[in-house]
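Below are the chains, spelled out letter by letter.
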Amino acid sequence: MSFTPLHDRVLVRRLEGEEKTAGGLIIPDSAKEKPQEGEVVSVGAGARDEDGDRIAMDVKAGDKILFGKWSGTEIKLDGEDLLIMKESDILGVMA
């Protein structure tokens, strides 16, 4: 895939949640919530400040992140469902 987001946008692949509860019950697809965890696929070059200088991105490809429930726009690239969102929609990077 050859897609690079522009400015301060990030391309994210959702990480699938658990299919069972802690007690062993299987959760049907209709009852699952969309995962709020993902992996950064690619990042843009960063936004520009008032002087025209680039603001460095805090995330990089391969980072595992948490993002808001309604963050991003769903897109399909090469048959894969991905999200594109602004870096400010990312809540944090998981260690």
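Residues numbered from 1 in each chain as written. Predicted model: local features only at pLDDT ≥ 70, side-chain atom pairs only at ≥ 80, totals over all residues. Heavy atoms only, no water.

**Overview of the pairing of strand β5 (residues 80-86)**
Reasoning step 1: As paired strands, strand β1 (residues 9-14) and β5 are joined by 4 bridges and run antiparallel to one another. Residue pairing in the sheet places L11 in a bridge with I84 of β5.
Reasoning step 2: Direction of pairing for strand β4 (residues 73-77) relative to β5: antiparallel, over a ladder of 5 bridges. Bridge pairing in β5 places E74 opposite L83.
Reasoning step 3: Following β4, the chain reverses through 2 residues before pairing antiparallel with β5; D78 in that reversal takes a positive phi of roughly 50 degrees. (Pairing = 2+ DSSP bridges. Helix = DSSP H or I, 4+ residues; strand = E, 2+ residues; numbered from the N terminus.)

**Observations concerning the pattern of salt bridges**
Reasoning step 1: In the structure shown here, the tally under the stated rule is 7 salt bridges.
Reasoning step 2: Across the pair E39 and R13 runs a salt bridge whose closest N-O atoms are separated by 3.7 Å. Placement of the pair is E39 in strand β2 (residues 37-43) and R13 in strand β1, with a sequence separation of 26 residues.
Reasoning step 3: Overall, the relative accessible area of 27% leaves E39 in the partly exposed class.
Reasoning step 4: Taking the relative accessible area as the measure of exposure, R13 reaches 27% and is therefore partly exposed.
Reasoning step 5: Across the salt bridge formed by R13 and E80, the nearest N and O atoms sit 2.5 Å from each other. Here R13, found in strand β1, pairs with E80, found in strand β5; they are 67 residues apart in sequence, far enough to count as distant.
Reasoning step 6: Judged by its relative accessible area of 26%, E80 is partly exposed. (Salt bridge = Lys/Arg side-chain N within 4 Å of Asp/Glu carboxyl O. Buried < 20%, exposed > 50% of the residue type's maximum accessible area, 1.4 Å probe, protein only.)

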